[in-house]
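# Structural overview for review
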Amino acid sequence: MPVKISVGSGKGGVGKSVLSTNIAYLLGKAGLSVTLLDMDSGGADLHILMGLFRPKYTLTDFIEKRVDSLNDVAQKLEGFNKIKIITGTGDSLHTANMPSATKSKLLRHIQKIDSDVVIIDVGAGTHFNTLDFFIAADIQVCVTTGDPTAILDLYRFIKLAVIRKALSSFLAYDEVSKVIRKRDIKDIGELLVIASEYGEDRRQSIDNSIAELNPCIVFNQVDATPNAKFSRLKSLLLDYLKITNLDLLGKVPDDPELRKSVKVYQPITSLKPAAPSSLALEVICSRLLKHIDRLQS
Ligand SMILES: Nc1ncnc2c1ncn2[C@@H]1O[C@H](COP(=O)(O)OP(=O)(O)OP(=O)(O)O)[C@@H](O)[C@H]1O
Ligand SMILES: [Mg+2]
C-alpha cells in the first residue's frame, strides 16, 4: 500500500500545487516511486506545473467508469521517470460534486495505486470532499503563508478536518453523529463532552481517531523564521483541537526563481536545485522522508 500524503490549506493560492510537484520530484530523486493525484476539483493544474498539457486521461475517466483502476489513468511524465500523475478534472459538475459512494470508491482505489507514495493535492477550502480526502491520508501537509489571515484560515481548515475525522469514527446513524452534525462545534472539548454523554467508549473513539492524524505545517513565501507563529498555532491546535503531534516541516522563502519555474512548467527543484526555494524544499522533503520511513516500518 502506498504512503498517502495530502496537501491542503484554508486559503487559496498559498503554494499547495507548487509544493506538491516539488515534493514529488524530490521524493522521486530520493528513489521512491510517486503518483501525483490532483483532487482540486475547482482548479486542477498539477499537470501544467509538470509540463503536461494534453493529458490522455483524467480522473473523470475513472469516475465515469471508462476504466476500472486508478492505475489506468496514471500517466508517466516525460523527463521524470519516477513520477506519474493522475490529472484532475474540474470541468464536470458531476465530478466536482461527487456523491459519497463515488468518494468511498475513490478512497478505496487510492490504496491500490501502484507506487511508494501518493501525493494528493486536495485544493483549498472546507468542502466535505476536500476535508475527506485530506484526512484520509497518512500524513497531512498544511500550507500557509505568514499572513495572519492565511494562518486563521488554516486553523479553521484544520478544525473542520479534525471534526470530520472525529465524526468518521461513528456510523452516520449513531446518536453522537446525529447530534454533532447539527451543532456548530467550537472546539474538540465540546465534541468530547457530547460524546461522553453517550459513553466513555464514544469519547475514546474520538481520541483515537484524532491520534491517527499526522499534521505537518509548511510556511510558504516567508522571509523570517516562522518559529513564533508556529508555536502559537501549535498551542492553539493543542488547546482547542487536542492535536499533540503537529510537526513543522519547514519554510520556503519568497523566491522569484520559483515564480519563473512555474512559467516554464517545471518544478524549481529540478530546474534550479541551488535556488533558495529549492534548498528549503530539500529540507522539507528530508523531514517528510523521516515520516515516510516511520510509516513504512
Ligand atoms: N515560495 C514562493 N516564491 C515565489 N512565488 C511563489 C512561491 N510559492 C508560490 N508562489 C507563487 O504563487 C503561485 C500560486 O501557487 P500554487 O498554485 O502552488 O498555489 P495553490 O495553493 O495551489 O493555489 P490554489 O488554491 O489556487 O490551488 C505560483 O504560481 C507562484 O507564482
Ligand atoms: Mg493548486
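Quick note: structure is the one above.
Calculation notes
- Residues numbered from 1 in each chain as written.
- Chains lettered and ligands numbered in written order.
- Predicted model: local features only at pLDDT ≥ 70, side-chain atom pairs only at ≥ 80, totals over all residues.
- Heavy atoms only, no water.
- Salt bridge = Lys/Arg side-chain N within 4 Å of Asp/Glu carboxyl O.
- Helix = DSSP H or I, 4+ residues; strand = E, 2+ residues; numbered from the N terminus.
- Buried < 20%, exposed > 50% of the residue type's maximum accessible area, 1.4 Å probe, protein only.
- Phe/Tyr/Trp six-rings, centres within 6.5 Å; stacked < 30°, edge-to-face > 60°.
- Lys NZ or Arg CZ within 6 Å of the ring centre and 35° of its normal.
- Pairing = 2+ DSSP bridges.
- Core = buried A, V, L, I, M, F, W, Y, C linked by side-chain atoms within 4.5 Å.
- Near = heavy atom within 4 Å.
- Polar contact = N/O pair within 3.5 Å; in protein donor to acceptor, adjacent residues only side chain to side chain.
- Areas by Shrake-Rupley, 256 points an atom, 1.4 Å probe, with all protein chains shown as cover.
- Nonpolar A, V, L, I, M, F, W, Y, C, P; charged D, E, K, R; others polar.
- Contact = heavy atoms within 4.5 Å.
- Axes fitted to C-alpha atoms, helices over the stretch in contact; angles between N-to-C directions.
- Parallel < 35°, antiparallel > 145°, perpendicular 65-115°, else oblique.
- Left-handed = near helix turned anticlockwise from the far one by under 90°.
- Expected span 1.5 Å × (residues − 1).
- Arc of directions from axis to C-beta.

## Observations concerning the pattern of salt bridges
- Tallied over the entire structure, the rule returns 14 salt bridges.
- Of the charged contacts, one joins Asp247 and Arg287 as a salt bridge, the two residues approaching to 2.8 Å between their closest N and O atoms. Residue Asp247 is found in strand E8 (residues 247–252), and its partner Arg287 is found in helix H14 (residues 276–296); the two are separated by 40 residues along the sequence.
- Given the relative accessible area of 36%, Arg287 is considered partly exposed.
- One network of salt bridges, with partners in common, ties together Lys11, Asp153 and Arg156.

## So, the packing of aromatic side chains
- Across all of its chains, the model carries 3 aromatic pairs by this definition.
- Centroid distance Phe53 to Tyr265: 4.7 Å. Interplanar angle 90°. Geometry classified as edge-to-face. On the criterion of sequence distance, the pair formed by Phe53 in the loop between helix H2 (46–49) and helix H3 (59–63) and Tyr265 in the loop between helix H12 (256–263) and helix H13 (268–271) is long-range, its members being 212 residues apart.
- Sitting over the ring of Phe62, Lys105 keeps its end group 4.9 Å from the ring centre.
- We note Arg164 situated over the ring of Phe128; from NZ or CZ to the ring centre the distance is 3.9 Å.

## Considerations on the pairing of strand E5 (residues 117–124)
- Burial within E5 is extensive, with 7 of its 8 residues counted as buried.
- With 7 bridges joining them, strand E1 (residues 3–9) and E5 adopt parallel strand pairing. Of the residues in E5, the one forming a bridge with Val3 is Val117.
- As judged from the 5 bridges shared by strand E2 (residues 34–38) and E5, these two strands associate in the parallel manner. The partner of Asp38 across the bridge, within E5, is Asp121.

## Concerning the environment of Ala161
- You can see Ala161 is positioned in helix H7 (residues 148–167).
- The sequence separation of Ala161 and Arg181 amounts to 20 residues, and the corresponding C-alpha distance is 13 Å.

## Here we look at the nonpolar core
- Residues Leu70, Leu106, Ile158 and Ile217 are the most contacted members of the largest nonpolar core, which totals 54 residues.
- Broken down by element, the residue count for this core peaks at 10 residues, all from H7.
- Formed by 38 residues, the second largest nonpolar core is a distinct cluster that contains Ile119, Val218, Leu249 and Leu258.

## Re the site of ligand 1
- Near ligand 1 lie 18 residues; those nearest to it are Lys16, Ser17, Val18, Asn220 and Asp255.
- The contact in question runs from an oxygen atom of ligand 1 to an N or O atom on the backbone of Val18, over 2.8 Å.
- With respect to ligand 1, the side chain of Asp40 contributes an N or O atom lying 3.3 Å from an oxygen atom.
- Notes on ligand 1: free accessible area 630 Å², of which the protein chains cover 80%.
- Those elements giving two or more residues to the shell around ligand 1 turn out to be helix H1 (16–29) and H12.
- Here the shell around ligand 1 is composed, by residue class, of 7 nonpolar, 6 polar and 5 charged.

## Examining the environment of Ile48
- Relative to the helices and strands, Ile48 resides in helix H2.
- Separated by 83 residues in sequence, Ile48 and Leu131 place their C-alpha atoms 24 Å apart.
- Excluding its chain neighbours within four sequence positions, the residues that come into contact with Ile48 are Phe53 and Tyr265.

## Comments concerning unusual backbone geometry
- Residue Gln221 is not a glycine yet carries a positive backbone phi of 55°.
- Tracing the sequence through the fold places Gln221 in the loop between strand E7 (215–220) and helix H11 (227–241).
- Overall, the relative accessible area of 36% leaves Gln221 in the partly exposed class.
- Positive phi outside glycine occurs at Tyr265, with the angle close to 60°.
- Judged by relative accessible area, Tyr265 falls into the partly exposed class, the value being 37%.

## Comments concerning the packing of helix H5 (residues 100–110) against helix H6 (residues 128–135)
- The contact between H5 and H6 brings their axes to 11 Å, and the two run at 20°. Here H5 lies roughly parallel to H6, going by the angle between them. Where H5 crosses over H6, the handedness of that crossing is right-handed. On the side of H5, the interface is formed by Lys103, Leu106, Leu107 and Ile110, while H6 contributes Phe128, Asn129, Asp132 and Phe133.
- Per-class residue counts for the contact of H5 with H6 are 5 nonpolar, 1 polar and 2 charged.

## As for helix H10 (residues 200–211)
- In this model, H10 (12 residues) spans 17 Å end to end at C-alpha, consistent with the 16 Å of a helix rising 1.5 Å per residue.
- Along H10, the residues that are buried comprise Ile206, Ser209 and Ile210. All buried residues of H10 project into a common sector of 100° when viewed along the axis, lining one side. Of the residues in H10, the exposed ones pointing more than 90 degrees away from the buried face are Glu200, Asp201 and Ala211.
- Considering only its buried residues, H10 is in contact with H7, helix H9 (188–197) and H11.

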